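Descriptive structure summary
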Amino acid sequence: ARSLPTGSSGKLLLRHMLDHPSDHALLTLADELSLLSEQSDSLEDLCHQAIKALPAEAAAIKKGNLNVLNKLVGMVMKSSRGTANATAAKATLQQILRA
């Protein structure tokens, strides 16, 4: 399921709406600007990609060092161009790395 953008993506959408008033629905505008959040299965794919890209950090997390978790979350956010939900990404990463 897709959801409305939050954080910096939400601010970008608001600025666009103020600069370009229209009758379009919020979801339509967000989709046109490529600001919609990824689906949950796509988030899992992004998390797996981040783990493959940063194997040392993933290994450290598996050993109990959660301080590097934010580095993996940052990689997911970068890959999703800021549209992923960081809290959900963090939870997904923890779930994958505990298994």
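These remarks concern the structure in this document. What you are looking at is a predicted structure, and each value in this text was computed from that prediction instead of being measured.

1. Quick notes on the environment of Ala 86
Position of Ala 86 relative to the elements: it lies in helix H6 (residues 86-98). The class of Ala 86 is partly exposed, set by a relative accessible area of 35%. It is 8.2 Å that separates the C-alpha atoms of Ala 86 and Gly 74, two residues lying twelve residues apart in sequence. With residues up to four places along the chain from it excluded, the contact list for Ala 86 reads Val 73 and Met 77.

2. Thoughts on unusual backbone geometry
One non-glycine residue, Arg 81, adopts positive backbone phi at about 60°. The topology assignment puts Arg 81 in the loop between helix H5 (69-79) and H6. According to the relative accessible area criterion, Arg 81 is exposed, its value standing at 61%.

3. Focus on the side chain of Ser 80
Looking at the secondary structure, you find Ser 80 in the loop between H5 and H6. The exposure class assigned to Ser 80 is buried, which follows from its relative accessible area of 5%. At 3.2 Å, the side chain of Ser 80 forms a polar contact with the backbone oxygen of Met 77. At a separation of 3.0 Å, a polar atom in the side chain of Ser 80 contacts the main-chain amide nitrogen of Ala 84.

4. Description of the pattern of salt bridges
Under the counting rule described, the total for this entry stands at one salt bridge. Where Glu 57 meets Lys 71, a salt bridge forms, and the shortest distance between an N and an O atom there is 3.0 Å. Linking Glu 57 in helix H4 (residues 55-62) with Lys 71 in helix H5, this pair joins segments that are 14 residues apart in sequence.

5. Thoughts on the environment of Ala 59
Secondary-structure assignment places Ala 59 in helix H4. Judged by relative accessible area, Ala 59 falls into the partly exposed class, the value being 33%. Through-space distance from the C-alpha of Ala 59 to that of Leu 97 is 8.4 Å; in sequence the pair is 38 residues apart.

6. Let's talk about the nonpolar core
Residues Leu 43, Cys 47, Ile 51, Leu 72, Val 76, Leu 93 and Leu 97 are the most contacted members of the largest nonpolar core, which totals 17 residues. The element that contributes the greatest number of residues to this core is helix H3 (residues 40-53), accounting for five residues.

7. What to know about the packing of H5 against H6
Axis separation between H5 and H6 bottoms out at 9 Å; the angle between their running directions is 120°. By the angle between their axes, H5 is oblique relative to H6. Classified by chirality, the crossing of H6 by H5 is right-handed. Residues Leu 69, Asn 70, Leu 72, Val 73, Val 76 and Met 77 of H5 touch H6, and the partners they reach there are Ala 86, Ala 89, Lys 90, Leu 93, Gln 94 and Leu 97.

Reading the values: rules and limits
Residues numbered from 1 in each chain as written. Predicted model: local features only at pLDDT ≥ 70, side-chain atom pairs only at ≥ 80, totals over all residues. Heavy atoms only, no water. Helix = DSSP H or I, 4+ residues; strand = E, 2+ residues; numbered from the N terminus. Buried < 20%, exposed > 50% of the residue type's maximum accessible area, 1.4 Å probe, protein only. Contact = heavy atoms within 4.5 Å. Polar contact = N/O pair within 3.5 Å; in protein donor to acceptor, adjacent residues only side chain to side chain. Salt bridge = Lys/Arg side-chain N within 4 Å of Asp/Glu carboxyl O. Core = buried A, V, L, I, M, F, W, Y, C linked by side-chain atoms within 4.5 Å. Axes fitted to C-alpha atoms, helices over the stretch in contact; angles between N-to-C directions. Parallel < 35°, antiparallel > 145°, perpendicular 65-115°, else oblique. Left-handed = near helix turned anticlockwise from the far one by under 90°.

These values are about where atoms sit, not about what they do.
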